[in-house]
Amino acid sequence: MNEADSEEMLLHLFGFGYQKTEVLSEADLVLINTCTIRDHAEHRALSYLGRLAKWKAEKQGRKIIFAGCAAERLGKKVQKRFPQADIVCGAKSLDKFPEILERSSLFKPVNTTENPKENTKKITGQVSIMRGCSCKCAYCIVPYVRGEASSIPPEIVLENCRNKAQNYPEIMLLGQTVNAYNYKGFTFSKLLAEVCKIPEVKRVRFLSPHPVFIKEDFYKVVQDNPKIARHLHLPLQSGSTKVLKDMKRLYTAEEYLQIIKNLKRLDFLISTDIIVGYPTETEEDFKRTLNLVKKCGFSFAYCFKFSPRAGTPAAEIPEISQEIVENRLNILLNEIRECSAVAYKSRIGKTEEILFETKNSGRTSGNLWYRTTTPKAIGSIEQILIKDSNGKILR
Ligand code: 5AD
Ligand code: SF4
């Protein structure tokens, strides 16, 4: 989401004569687009901002923009603590970014008819389809810093997809609860079907779906559209129905497992997000998570230690000991590594559709990595028989 937002902000900065560089010493401006989902993420963004004071002082005219979710949460406090930040633009003000630039005396618009050429790898084009989140998961700060969910009109989304498809074979639809998309009755499934109709689009992915918004029409649109990747990143958070209820996740462990079974019947691989050490998580609850992880057979998982976010209901509950959390995290990470190796090895002997991201490597529809010694064109799609896997890559 932040990558896509940064790209959008970059387009506006082009209008002020800026070009993109990855080299700090060459830069006249640094845009820091921040995350605040966990304390650690926010801390990293702030310490980077702190370190940039030196960079800014080294050459006159250098500027810093501090944007995104941490900027939204901290507001004016940022500039007070870090006067080197010229502009602080919170996540909710993203649509006002061009005006913010115009109003600031620090920037002068230039006449450009052409945008500077992007030199990023051209495989996946990201397209935001909705912003914000109307779920109220008890641990999560996103609804506070990004606001209520709102869907972008389908005409705009499809126009953006058509444009991206000129350069990128794969389209990634983005939203905080991407499958909650609904614009005046125009549903997520309908949107998926329309994106698949764009001839240049070879593969469609989306991030991140929420289990409660998966309905029958989704399975149907998947079956009708082979361009939809057979991979879902479906956050689980906990395998204990009790903890899920405390978290206000709106599904039970059994309901989650049923969705996985339905998806596996359609040859999907599933990855997930899991939080360990939620304040109400007992040893028994954690075992339920481990158990469910085994049953689901995830191909991958991001596992996070619970991080209390001020203002959320979960931050009010006393935390459990860090030692216990650390221990649970390590056990879970081991389990996930095993699951991932099983997922890779389960593809041996199957023919996979590989989209090449380099001459020698690419990803399957199920989002597994593949490598070959026979070079292929970057961006091409090939049907390839998988002969072997070491549990981390297909060959
Ligand atoms: N603590 C730890 N992990 C969190 N996530 C969201 N909020 C928190 C929190 N307070 C995780 C969830 C979510 C992912 C993007 O970040 O697993 O799916
Ligand atoms: Fe946060 Fe996702 Fe829950 Fe929304 S659905 S509150 S973004 S964890």
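Please read these numbers as outputs of a predicted model, since none were measured by experiment.

## Describing the site of ligand 2
(1) Moving on: Cys 133, Cys 135, Cys 137, Tyr 139, Cys 140, Val 142, Pro 143, Gln 176, Thr 177, His 210 and Arg 249 make up every residue found near ligand 2.
(2) Moving on: Partitioned by chemical class, the residues of the shell around ligand 2 number 7 nonpolar, 3 polar and 1 charged.

## Points about helix α2 (residues 39–58)
(1) Moving on: When the terminal C-alpha atoms of α2 are compared, their 30 Å separation across 20 residues agrees well with the 28 Å that a helix rising 1.5 Å per residue should span.
(2) Moving on: Of all the bends found along α2, the most pronounced is centred on Leu 52 and spans about 30°.
(3) Moving on: Inspection of α2 places Glu 42, Ala 45, Leu 46, Leu 49, Leu 52, Trp 55 and Lys 56 among the buried residues, and these make up the whole buried set.
(4) Moving on: For α2, the secondary structure elements touched by its buried residues are β1 (29–34), β2 (63–68), α3 (69–74) and α4 (76–81).

## Examining the environment of Lys 345
(1) Moving on: Considering the arrangement of structural elements, one finds Lys 345 in helix α13 (residues 322–345).
(2) Moving on: Classification of Lys 345 by relative accessible area gives partly exposed; the value is 45%.
(3) Moving on: Among residues more than four places away in sequence, those in contact with Lys 345 are Ser 389, Asn 390 and Gly 391.

## Quick notes on the nonpolar core
(1) Moving on: Ranked by internal contacts, the top residues of the largest apolar core, which has 57 residues, are Leu 173, Phe 218 and Tyr 256.
(2) Moving on: Here this core takes 6 residues from helix α11 (residues 253–265), the largest share from any one element.
(3) Moving on: Split by domain, the residues of this core number at least three in each of domain 2 (118–229) and domain 3 (238–346).
(4) Moving on: If near-sequence neighbours (up to four positions away) are discounted, Tyr 256 is found in contact with Pro 211, Leu 234, Pro 235, Leu 236, Tyr 251, Ile 270, Thr 272, Leu 292, Cys 296 and Phe 298.
(5) Moving on: Residues Ala 45, Leu 52, Leu 74 and Phe 82 belong to the second largest nonpolar core, which totals 15 residues.

## As for the domain arrangement of the protein
Frequently, the measure chosen for interface size is the accessible area removed from exposure when the parts meet.
(1) Moving on: Its domain assignment divides the protein into domain 1 (2–103), domain 2 (118–229), domain 3 (238–346) and domain 4 (351–385).
(2) Moving on: Between the C-alpha centres of domain 3 and domain 4 there is a distance of 30 Å.

## What to know about the environment of Gly 61
(1) Moving on: You can see Gly 61 is positioned in the loop between α2 and β2.
(2) Moving on: According to the relative accessible area criterion, Gly 61 is partly exposed, its value standing at 46%.
(3) Moving on: Expressed as a C-alpha distance, the spacing of Gly 61 and Ile 152, which sit 91 residues apart in the sequence, is 37 Å.

## A few points about the packing of helix α8 (residues 188–196) against helix α9 (residues 216–224)
(1) Moving on: It is at 9 Å that the axes of α8 and α9 come closest, and there the two elements cross at 10°. The angle between α8 and α9 places the two elements in the roughly parallel class. On α9, the residues touching Phe 188, Ser 189, Leu 192 and Ala 193 of α8 are Asp 217, Phe 218 and Val 221.
(2) Moving on: Classifying every residue of the contact of α8 with α9 by side-chain character gives 5 nonpolar, 1 polar and 1 charged.

## Here's the deal with the sheet that holds strand β15 (residues 361–363)
By definition, the strands of a sheet pair up through backbone hydrogen bonds, in either a parallel or an antiparallel sense.
(1) Moving on: If you walk across this open sheet you meet the 4 strands as β16-β15-β14-β17, and the pairing is antiparallel. Each edge of the open sheet carries a strand with a single partner, namely β16 (369–371) and β17 (381–385). When strand polarity is set aside, the average angle formed by the axes of neighbouring strands in this sheet is 45°.
(2) Moving on: Of the pairings in the sheet, the one linking strand β14 (residues 351–356) to β15 comprises 2 bridges and is antiparallel in character. The residue of β15 that forms the bridge with Leu 355 is Arg 363.

## Notes on the packing of aromatic side chains
(1) Moving on: Going through the model one piece at a time under the given rule, you end up with 12 aromatic pairs.
(2) Moving on: For the ring pair Phe 206 and Phe 218, a centre distance of 5.9 Å and an interplane angle of 90° mean the geometry is edge-to-face. A residue pair is termed long-range when its members are at least 10 positions apart, and Phe 206 in strand β10 (residues 203–207) and Phe 218 in helix α9 qualify at 12 residues. Side by side, Phe 206 and Phe 218 carry an identical accessibility label, which is buried.
(3) Moving on: Site record: aromatic cluster; members linked through ring pairs are Phe 188, Phe 206, Phe 218 and Tyr 219.
(4) Moving on: If you follow Arg 38 out to its NZ or CZ, it ends over the ring of Phe 304, 3.7 Å from the centre.
(5) Moving on: One cation-aromatic arrangement involves Lys 122 over Tyr 168; the distance from NZ or CZ to the ring centre is 5.8 Å.

## A look at α11
(1) Moving on: The terminal C-alpha atoms of α11 lie 19 Å apart, and with 13 residues this matches the ideal 18 Å at 1.5 Å per residue to within 8%.
(2) Moving on: Within the sequence span of α11, burial applies to Ala 253, Tyr 256, Leu 257, Ile 259, Ile 260, Asn 262 and Leu 263.
(3) Moving on: The elements touched by buried residues of α11 are α9, β11 (231–233), α10 (241–247), β12 (269–276) and α12 (283–296).

## Overview of the sheet that holds strand β3 (residues 87–90)
(1) Moving on: Strand order in the open sheet made by the 3 strands is β1-β2-β3, with parallel pairing throughout. Strand pairing shows two members of the sheet lacking a second neighbour, β1 and β3, which therefore form its edges. Pairs of neighbouring strands in the sheet enclose a mean axial angle of 15°, with direction left out of account.
(2) Moving on: One ladder, built from 4 bridges, connects β2 with β3; its direction is parallel. When the bridges of β3 are listed, Phe 66 appears paired with Val 88.

Cut-offs applied
- Residues numbered from 1 in each chain as written.
- Chains lettered and ligands numbered in written order.
- Predicted model: local features only at pLDDT ≥ 70, side-chain atom pairs only at ≥ 80, totals over all residues.
- Heavy atoms only, no water.
- Near = heavy atom within 4 Å.
- Nonpolar A, V, L, I, M, F, W, Y, C, P; charged D, E, K, R; others polar.
- Helix = DSSP H or I, 4+ residues; strand = E, 2+ residues; numbered from the N terminus.
- Expected span 1.5 Å × (residues − 1).
- Bend = angle between axes of the 7 residues up to and from the residue.
- Buried < 20%, exposed > 50% of the residue type's maximum accessible area, 1.4 Å probe, protein only.
- Contact = heavy atoms within 4.5 Å.
- Core = buried A, V, L, I, M, F, W, Y, C linked by side-chain atoms within 4.5 Å.
- Domains from an automatic or database assignment.
- Axes fitted to C-alpha atoms, helices over the stretch in contact; angles between N-to-C directions.
- Parallel < 35°, antiparallel > 145°, perpendicular 65-115°, else oblique.
- Pairing = 2+ DSSP bridges.
- Phe/Tyr/Trp six-rings, centres within 6.5 Å; stacked < 30°, edge-to-face > 60°.
- Lys NZ or Arg CZ within 6 Å of the ring centre and 35° of its normal.

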